[in-house]
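Close look at the chain arrangement
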Amino acid sequence: MKYRAVIIAGLFGAAPPYAAAADWNALPAGVPGLTRTAPAVSAPERVRTLVCVDAGHPNTFSAGTSPVNGTNETHINWLVALELERLLKEKGFEVLMTKSAELQYVENKDRALLCNGGGAALAVHLHCESTPGSGFALYYPDRQGTFEYNDDPDNGFKGPSPQVRADSRTLAAAVQKGMKAVLAGILPDRGLYGDSRTAVGSSQGALTFSIFSKIPTATIEMAVLTNKNDAAYMKTEAGQRKMAQAIAAGILNYKNP
Ligand SMILES: [Zn+2]
């Protein structure tokens, strides 16, 4: 508990004063201490959205560091998250990362609280699967869930709202479409599913960060890391870059349908 509180304080401490504003248009003029640089795109192309990029491990359920085909999930998630951060900024987005180092531990509930509290307009959670098959899959909260964590003060908390669920489905479908276009012929589309299809979601009704999310949220299983071909691709810089491009294309689809 103590450890978790320190992480939140640290990340919020570094948050800029405009954190409550998800939209550039909503920024008050002349905010003191505003240090961010202008996006490297012309004004008409600017998308004006703060995106929360969540590299999914180490988390409440798994460190994600078990060796898989010469790499591990935490490592791949992190490298793609960094590339996605760079790319989204290049495209005019603001980016909020849920962690600042590859092996930083963040509880799943706190991932949502960080994205909500940081004023993000949407959140993408990056993961890789260990399952038969190959390719990417998208998940969104398809029903209300109940947080089940006996020693947490929020035990029994219910969410997300119907609006967040509807918007999350739209976001996940938009990301799926973008990924399908960019990854055509490279990684197959394994589908769009409700959180309730996942192991945790089937017991809680939704994934933990979905339950606490106040903004559209999509979980991206980028590839099947236990599949040799998927792993070989995701281990290359070119593969990580392409994956980030695919996710960014999906986010652009969502903002500009
Ligand atoms: Zn994962």
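These remarks concern the structure in this document. Since the structure is predicted, the reported quantities are computational estimates derived from the model, not experimental observations.

1. Concerning the packing of helix α4 (residues 162-182) against helix α8 (residues 237-255)
- The interhelical angle for the contact between α4 and α8, taken along N-to-C directions, is 135°, at an axis separation of 7 Å. For the element pair α4 / α8, the angle class is oblique. In this structure, α4 crosses over α8, and the sense of that crossing is right-handed. Every residue of α8 that contacts α4 at D167, T170, L171, A174, V175, K177, G178, M179 and V182 is listed here: K242, M243, Q245, A246, I247, A249, G250, I251, N253 and Y254.
- Counted by class, the contact of α4 with α8 contains eleven nonpolar, five polar and three charged residues.

2. Observations concerning the sheet that holds strand β4 (residues 136-140)
- Strand order across the open sheet formed by six strands is β2-β1-β3-β8-β4-β7, with mixed pairing between neighbours. For this open sheet the edge positions go to β2 (94-97) and β7 (189-194), each flanked by a neighbour on one side alone. Neighbouring strand axes in the sheet, compared pairwise and without regard to direction, differ in orientation by 20° on average.
- In terms of strand pairing, strand β1 (residues 50-55) meets β2 through four bridges, oriented parallel. Following the sheet pairing, V51 is matched in β2 by V95.
- Contacting β1, β2, β3 (122-129) and β8 (217-224), helix α2 (residues 73-90) runs over the sheet at an angle of about 145° to β3.
- Of the strands in this sheet, β3, β4, β7 and β8 touch α4, which is tilted by about 170° from β4.

3. A short note on the packing of helix α7 (residues 228-235) against α8
- Here α7 crosses α8 at 90°, and the two axes come no closer than 4 Å. Comparing the axis directions of α7 and α8 gives the class roughly perpendicular. Here Y233, M234 and K235 of α7 come into contact with α8, specifically with E237, A238, G239, Q240, K242 and M243.
- Here the residues of the contact of α7 with α8 sort into four nonpolar, two polar and three charged.

4. So, the state of the cysteines
- Under the criterion given, the structure shown has one disulfide.
- With a sulfur-sulfur separation of 2.1 Å, C52 is cross-linked through a disulfide to C115. The sign of the S-S torsion, about -65°, decides the handedness of the disulfide formed by C52 and C115: left-handed. Of this pair, C52 sits in strand β1 while C115 is found in helix α3 (residues 108-117), placing the two residues 63 residues apart along the sequence. Grouping residues by exposure puts C52 and C115 together as buried.

Thresholds, definitions, all that
- Residues numbered from 1 in each chain as written.
- Predicted model: local features only at pLDDT ≥ 70, side-chain atom pairs only at ≥ 80, totals over all residues.
- Heavy atoms only, no water.
- Axes fitted to C-alpha atoms, helices over the stretch in contact; angles between N-to-C directions.
- Helix = DSSP H or I, 4+ residues; strand = E, 2+ residues; numbered from the N terminus.
- Parallel < 35°, antiparallel > 145°, perpendicular 65-115°, else oblique.
- Left-handed = near helix turned anticlockwise from the far one by under 90°.
- Contact = heavy atoms within 4.5 Å.
- Nonpolar A, V, L, I, M, F, W, Y, C, P; charged D, E, K, R; others polar.
- Pairing = 2+ DSSP bridges.
- Disulfide = S-S within 2.5 Å.
- Buried < 20%, exposed > 50% of the residue type's maximum accessible area, 1.4 Å probe, protein only.

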